[in-house]
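Chain residues, written in single-letter form:
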Amino acid sequence: MRRLLHAEGYRYRLQRPVPGLRRRTIDIAFPGLRVAVFLDGCFWHSCPEHATQPKANSEWWRAKLERNAQRDRETTESLRQSGWQVLRFWEHEDPTVIAEHVAEAVESRRHTSGSE
């Protein structure tokens, strides 16, 4: 997906810190336009289609995965309140489709902000 964006001329930053939230990063950021892209793994972020629950130590894992999902919601809300457009995709989604959505968001922001 990153390769597709780069080939189309989009320049971005990787693993940018989330403003105001310690130990959280934006997977792909367009800082000047305030577009944040997250590519969430199905297991770690509890994908509704592909999530699995480990059988060993199941209560610990359930709590861990619920905390991950809660942290995702908090991160999204914090960024949106700061004026960022947040895009979240699952790892199983088609990279071409993801790249198209990201490009549309970036172009939309460029036209409304007149920057980058």
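Please read these numbers as outputs of a predicted model, since none were measured by experiment.

What am I meant to see in the overall build of the chain here?
From N to C terminus, the chain includes three helices and four strands. Going from N to C terminus, the chain has its helices and strands arranged as α-β-β-β-α-β-α. Summarising its shape, the C-alpha atoms of the chain cover approximately 50 × 30 × 20 Å along the three principal directions. A sequence separation of at least 24 residues applies to 56% of the contacts in the chain between residues at least 6 apart. Of the roughly 7400 Å² of accessible surface on the chain, 49% is carried by carbon and sulfur atoms. Counting 19 positive and 16 negative side-chain charges, the chain places the averaged centre of each group 9 Å from the other.

Is there a simple way to think about unusual backbone geometry in this case?
Phi is mostly negative for residues that are not glycine, and the peptide bonds are mostly trans. Positive phi values are uncommon outside glycine, yet S46 reaches one of about 60°. Position of S46 among the secondary structure elements: in the loop between β3 (35–40) and α2 (58–81). Residues other than glycine seldom take positive phi values, yet N57 does so here, at roughly 55°. Tracing the backbone through its elements, the reader meets N57 in the loop between β3 and α2.

Please clarify how the environment of R34 should be interpreted in this entry.
As for its position among the elements, R34 is in the loop between β2 (25–30) and β3. The class of R34 is partly exposed, set by a relative accessible area of 38%. As a C-alpha pair, R34 and R109 span 75 residues in sequence and 8.2 Å in three-dimensional space. What R34 contacts, discounting residues up to four positions off in sequence, is S82, G83, W84, Q85 and R109.

Looking at this structure, I do not really get the sheet that holds strand β4 (residues 85–90). What am I missing?
Across the sheet, which stays open at both edges, the four strands sit in the order β1-β2-β3-β4 with mixed pairing between neighbours. The open sheet is flanked by β1 (13–17) and β4, the only strands paired with a single partner. Sheet twist, expressed as the average angle between the axes of neighbouring strands with direction ignored, equals 40°. Relative to β2, β1 runs antiparallel, the two sharing four bridges. Paired with R13 across the two strands is A29, which belongs to β2. Where α2 meets the sheet, its contacts fall on β2, β3 and β4, and the angle it forms with β4 comes to roughly 150°.

Is there a simple way to think about the layout of surface pockets in this case?
Empty space left among the atoms is revealed by rolling a probe the size of a water molecule over them. Of the voids in this model, the largest pocket is the one considered here, and its volume is about 390 Å³. Taken together, 18 residues form the lining of the largest pocket, with R23, R24, T25, R71 and D72 sitting closest to its centre. Sort the elements by how many residues they give to the lining of the largest pocket and α2 lands first, with five residues. Looking at the lining of the largest pocket residue by residue, the classes come out as four nonpolar, five polar and nine charged.

Each value, and the rule that gives it
- Every chain is numbered on its own, with residues counted from 1 as its sequence reads.
- Only residues with pLDDT of at least 70 get local features here, since the model is predicted, and only at 80 or more are side-chain atom pairs given and counted; chain-wide, interface and lining totals rely on the full set of residues.
- Neither water nor hydrogens contribute to the side-chain values; these are computed over all heavy atoms in the structure.
- Numbering of helices and strands runs from the N terminus; a helix is a DSSP stretch of H or I covering at least four residues, while a strand is a stretch of E covering at least two.
- Contact between two residues is taken to exist if any of their heavy atoms lie within 4.5 Å; hydrogens are not considered.
- Using the Shrake-Rupley algorithm and a 1.4 Å probe, accessible areas are obtained, with residue cover drawn only from the displayed protein chains.
- His is not counted here, nor are the chain ends, while Lys and Arg score as positive and Asp and Glu score as negative.
- By convention, charge coordinates are those of NZ in Lys, CZ in Arg, CG in Asp, or CD in Glu.
- Residue burial is assigned from relative accessible area. The probe radius is 1.4 Å, only protein chains are included, and a residue is buried under 20% of its type maximum, exposed over 50%, and partly exposed in between.
- Should DSSP find at least two bridges between two strands, the strands are taken to pair.
- Here the axes come from fitting lines to C-alpha atoms, over the contacting stretch only for helices, and the angles between their N-to-C directions go from 0 to 180 degrees.
- In the cavity and pocket records, a cavity denotes points on a 1 Å grid over the protein atoms alone where a 1.4 Å probe fits but cannot get out, a pocket denotes an open set with protein on both sides within 12 Å along at least 5 of 7 lines, and lining residues are residues with an atom within 4 Å of a point.
- Grid points are joined across faces, edges and corners, and a volume is the space filled by probe spheres set on the points.
- Under the convention adopted here, Pro, Cys and the residues Ala, Val, Leu, Ile, Met, Phe, Trp and Tyr are nonpolar, Asp, Glu, Lys and Arg are charged, and Gly plus all remaining residues are polar.

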